[in-house]
2 protein chains.
Amino acid sequence: MKEFIRVMKAMSDPNRVRIVKLLQLKELCVCELQELLGLAQSTVSKHLKVLDEAGLLSNSRDGAWVIYAVTKSEDSAHINVLLQELRGWVDDDPVYVAMKRRLPFVDRVRISASCG
Amino acid sequence: MKEFIRVMKAMSDPNRVRIVKLLQLKELCVCELQELLGLAQSTVSKHLKVLDEAGLLSNSRDGAWVIYAVTKSEDSAHINVLLQELRGWVDDDPVYVAMKRRLPFVDRVRISASCG
DNA sequence: TTCACATATCGCCATATGCCGATATGATAA
DNA sequence: TTATCATATCGGCATATGGCGATATGTGAA
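We now turn to the structure provided with this report.

### Comments concerning the interface of chain A and chain B
Okay, so step 1: Counting residues at the interface gives 24 residues for chain A, matched by 24 residues for chain B.
Okay, so step 2: Carbon and sulfur atoms make up 75% of the surface buried where chain A meets chain B, a total of about 2,200 Å² over both sides.
Okay, so step 3: By the criterion of area lost to chain B, the three top residues of chain A are M1, F4 and W89 of chain A, representing 36% of everything that side buries.
Okay, so step 4: At the junction of chain A with chain B, the criterion picks out seven residue pairs in polar contact (both at pLDDT 80 or more).
Okay, so step 5: Listed by contribution, the elements that provide at least two residues to the side of chain A that touches chain B are α1 (2-10), α2 (14-25) and α5 (77-89) of chain A.
Okay, so step 6: Ranked by the residues each element gives to the side of chain A that touches chain B, the list is headed by α5 of chain A, at nine residues.
Okay, so step 7: Here the residues of the side of chain A that touches chain B are counted per class, giving 15 nonpolar, three polar and six charged.

Structural data, given as structure tokens:
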């Protein structure tokens, strides 16, 4: 029950849902999400923590950046069903649509790749 | 988005999840749910309103009782998927298991059927 | 080491949520 | 009609949540 509630609570906020849906399109670092969402960095970080603790996201470091992605592990089939269902459920949210449009133009400059 | 958030919020409370799962076994009136959940009547009523407004439940009158049931309408395929997923997801919650065991022994006396 | 950037955490505030008791509404029985 | 039962709504209280700015931590560049 606890796990289920954590997942539902995690998905109970529009900005968190938008984060998940953006990550379903492309893995992103915190600062990219911050720019897309237009929220304070601390707020984005807190949202990511909530999603992470619900088992919805995974993350990895790339230099100074932390790259977040939708979890791909097969250990929670239920979560995968929910994420799959989400794809077609909330595609018409205007705020999300606008973010999606801006997505290609938001990119970090990778320090580790910009030495040359 | 709004509808999705409403559904997620509705499913973000353990007692509401238990209500849905009990109703998946058998349609019930408010007083039966009240006894099973061990909550105040006003609290149960409020929970039912939240679930109802999320499109998860339907209700009908039977005399003085209001009988609640899980919605069966096909108009929201997403909700049906979620409800179906819920069946196998939260079956091990001890509180729910105890309620399930008590379910056969909790019943209203239907006024309209107890005249003879 | 020292600086700058990316991220995480902390403290605070406004609002939302879950609970209850009290009360209003709806329906049946007397 | 009046009394009673079932349900819904209201008001209040304690806690949870989402937002921000300030600050701490982690990483790479100089």
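### Quick word on helix α4 (residues 41-53) of chain A
Residues and elements named next belong to chain A.
Okay, so step 1: In a regular helix each residue adds 1.5 Å, so 13 residues correspond to 18 Å; α4 covers 18 Å between its end C-alpha atoms and thus fits that length.
Okay, so step 2: Restricting attention to buried positions, one finds in α4 the residues V44, H47, L48 and L51. Looking straight down α4, one finds its buried side chains confined to an arc of 100°; they lie on one side. Among the exposed residues of α4, those pointing more than 90 degrees away from its buried face are K46 and K49.
Okay, so step 3: Along its buried surface, α4 packs onto α1, α2, α3 (30-37), β2 (57-62) and β3 (65-70).
Okay, so step 4: Looking one or two residues past α4, G55 carries a phi angle of roughly 85°, positive in sign.

### Quick notes on α2 of chain A
Residue and element names in this part refer to chain A.
Okay, so step 1: For α2, built from twelve residues, the straight-helix expectation of 16 Å at 1.5 Å per residue is met to within 8% by its first-to-last C-alpha distance of 17 Å.
Okay, so step 2: Counting buried positions over the twelve residues of α2 gives ten, a clear majority of the element.
Okay, so step 3: By the burial criterion, the buried members of α2 are N15, R16, V17, R18, I19, V20, K21, L22, L23 and Q24.
Okay, so step 4: One side-chain oxygen of the residue at the start of α2 lies 3.0 Å from the amide nitrogen of N15, identifying that residue as D13.

### Digging into the protein's contact with DNA strand D
Okay, so step 1: Neighbouring DNA strand D are 26 residues, the closest being R16, T43 and H47 of chain A together with S42 and Y68 of chain B.
Okay, so step 2: Restricting attention to atoms of DNA strand D within 4 Å of the protein, one finds that 63% of them are sugar or phosphate atoms.
Okay, so step 3: Side-chain polar atom of Q41 of chain B to a base nitrogen of DNA strand D: 2.8 Å apart, as the coordinates give it.
Okay, so step 4: Take Y68 of chain B: an N or O atom from its side chain is 2.7 Å from a phosphate oxygen of DNA strand D.
Okay, so step 5: Going through the elements one at a time, α2 and α4 of chain A together with α3 (30-37), α4 (41-53) and β3 (65-70) of chain B are the ones with two or more residues in the surface near DNA strand D.
Okay, so step 6: Looking at the surface near DNA strand D element by element, the count peaks at five residues for α4 of chain B.

### Comments concerning the pattern of salt bridges
All names here are of chain A.
Okay, so step 1: One pass over the structure, following the stated rule, counts four salt bridges over all chains.
Okay, so step 2: With a closest N to O distance of 2.8 Å, D93 and R18 form a salt bridge. Here the residue D93 occupies a position in the loop between α5 and α6 (94-102), and R18 occupies one in helix α2, the gap between them amounting to 75 residues.

### A closer look at the packing of α3 of chain A against α4 of chain A
Between two packed helices, what matters for the description is the angle formed by their axes and the separation of those axes.
Residue and element names in this part refer to chain A.
Okay, so step 1: At a minimum axis separation of 9 Å, α3 and α4 run at an interaxial angle of 115°. As the angle between them shows, α3 and α4 are arranged roughly perpendicular. Here α3 runs over α4; the crossing is right-handed. Mapping the contact onto sequence places V30, L33, Q34 and L37 in α3 and Q41, V44 and L48 in α4.

Calculation notes
Residues numbered from 1 in each chain as written. Chains lettered and ligands numbered in written order. Predicted model: local features only at pLDDT ≥ 70, side-chain atom pairs only at ≥ 80, totals over all residues. Heavy atoms only, no water. Contact = heavy atoms within 4.5 Å. Buried area = accessible area lost by both parts, 1.4 Å probe. Polar contact = N/O pair within 3.5 Å; in protein donor to acceptor, adjacent residues only side chain to side chain. Helix = DSSP H or I, 4+ residues; strand = E, 2+ residues; numbered from the N terminus. Nonpolar A, V, L, I, M, F, W, Y, C, P; charged D, E, K, R; others polar. Expected span 1.5 Å × (residues − 1). Buried < 20%, exposed > 50% of the residue type's maximum accessible area, 1.4 Å probe, protein only. Arc of directions from axis to C-beta. Near = heavy atom within 4 Å. Salt bridge = Lys/Arg side-chain N within 4 Å of Asp/Glu carboxyl O. Axes fitted to C-alpha atoms, helices over the stretch in contact; angles between N-to-C directions. Parallel < 35°, antiparallel > 145°, perpendicular 65-115°, else oblique. Left-handed = near helix turned anticlockwise from the far one by under 90°.

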